[in-house]
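Close look at the chain arrangement
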Amino acid sequence: MPLILSWNHGSRGNTHLWRIDESHDYFLTKLTDSGIDLQVIDGWHPERQREWLAGRHLIQEYINHPLLNLQIADQTGKPYFPGVGDYFSLSHSGRYVALACSSVFVGCDIQIYSKTLERIQRKFCSPSEIEQVRQSVQSIDPLHLIWTAKEAMYKALGQRGVRFREDITLDPEKEAGEILHGGMSHQFDVHHYQLHELTVALSWIHID
């Protein structure tokens, strides 16, 4: 898995981006001795299987905890290591996979350019955000910026029931966002990167 880029976020940790070139069997070999149940992916689409295997391989290689201890949150389906102060977030798109590691709650989302976002924009953009998209002069495609940022914030919060259009607001100029959920306001810092066809968003719970 060739490493494409790494970002150092100072005290917030780091993020690594790879391209998946290896076969399904390559990852099975790497994970055979990990102790995790590899049969959970039986019946999945081959590409989804490879994404899952590649993600577990990266967690095994770059996070200093036994992969066997990895658990899945009942509420969100998000993988985590219980009882430790290390947080991480995985994201896949096409042949790319990103892993963000942090000492605070973190969310990572990557997205290859897709015209689908234009078709479904009213599902995740508010009317004012759609107007901003129409007027935007951002170097990053505004729909991809909004989509990946909201996905990253949602992953960082780790709670189900968040409505992307109604509950999540974004201020790209200030690299900030907010989720109103469960009667509480959650503030986030949001960073974006553009790599040709790929948009990358990182989000952390804001700490004053």
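Predicted model, so just to flag it, every value in this text is computed and none were measured.

Here's the deal with the sheet that holds strand β7 (residues 106–112)
Each strand in a sheet pairs with its neighbour through backbone hydrogen bonds, running either in the same direction (parallel) or in the opposite one (antiparallel). With respect to topology, five strands assemble into an open sheet ordered β7-β11-β10-β9-β8, the strand pairing being antiparallel. Strand pairing shows two members of the sheet lacking a second neighbour, β7 and β8 (168–171), which therefore form its edges. Pairwise comparison of adjacent strand axes, ignoring direction, gives a mean angle of 25° for this sheet. Note that β7 and strand β11 (residues 198–205) share seven bridges and pair antiparallel. By the bridge assignment, Gly107 is partnered in β11 with Ser203. Contacts from helix α6 (residues 142–157) reach β7, β8, β9 (176–181), β10 (184–195) and β11 within the one sheet, and its direction differs from that of β7 by about 150°.

Focus: helix α2 (residues 46–62)
Its 17 residues give α2 an end-to-end C-alpha distance of 24 Å, which sits within 8% of 24 Å, the value for a rise of 1.5 Å per residue. Every buried residue of α2 is listed here: Gln49, Arg50, Trp52, Leu53, Ala54, Gly55, Arg56, His57, Leu58 and Ile59. Next to the buried residues of α2 lie β2 (14–19), α1 (24–31), β3 (71–72), β4 (79–80), β5 (87–93) and β6 (96–102).

Things to note about the sheet that holds β2
One open sheet holds the four strands; their spatial order is β1-β2-β6-β5, and the pairing between them is antiparallel. Two strands in the sheet have a free side with no partner beyond their single neighbour: β1 (3–8) and β5. Strand-to-strand, the axes of this sheet are offset by a mean angle of 10°, without reference to chain direction. Sheet topology note: the β5/β6 ladder contains seven bridges and is antiparallel. Residue pairing for β6: Ser91 is matched across the bridge by Ala98.

As for the environment of Leu17
Along the chain, Leu17 falls in strand β2. Residue Leu17 is classed as buried on the basis of its relative accessible area of 1%. Expressed as a C-alpha distance, the spacing of Leu17 and Pro2, which sit 15 residues apart in the sequence, is 8.8 Å. Sequence-distant contacts of Leu17, defined by excluding residues within four places in its chain, comprise Pro2, Leu3, Ile4, Leu5, Trp7, Tyr96, Val97, Ala98, Ile110, Leu195 and Leu198.

Rules of the game
- Residues numbered from 1 in each chain as written.
- Predicted model: local features only at pLDDT ≥ 70, side-chain atom pairs only at ≥ 80, totals over all residues.
- Heavy atoms only, no water.
- Pairing = 2+ DSSP bridges.
- Helix = DSSP H or I, 4+ residues; strand = E, 2+ residues; numbered from the N terminus.
- Axes fitted to C-alpha atoms, helices over the stretch in contact; angles between N-to-C directions.
- Contact = heavy atoms within 4.5 Å.
- Expected span 1.5 Å × (residues − 1).
- Buried < 20%, exposed > 50% of the residue type's maximum accessible area, 1.4 Å probe, protein only.

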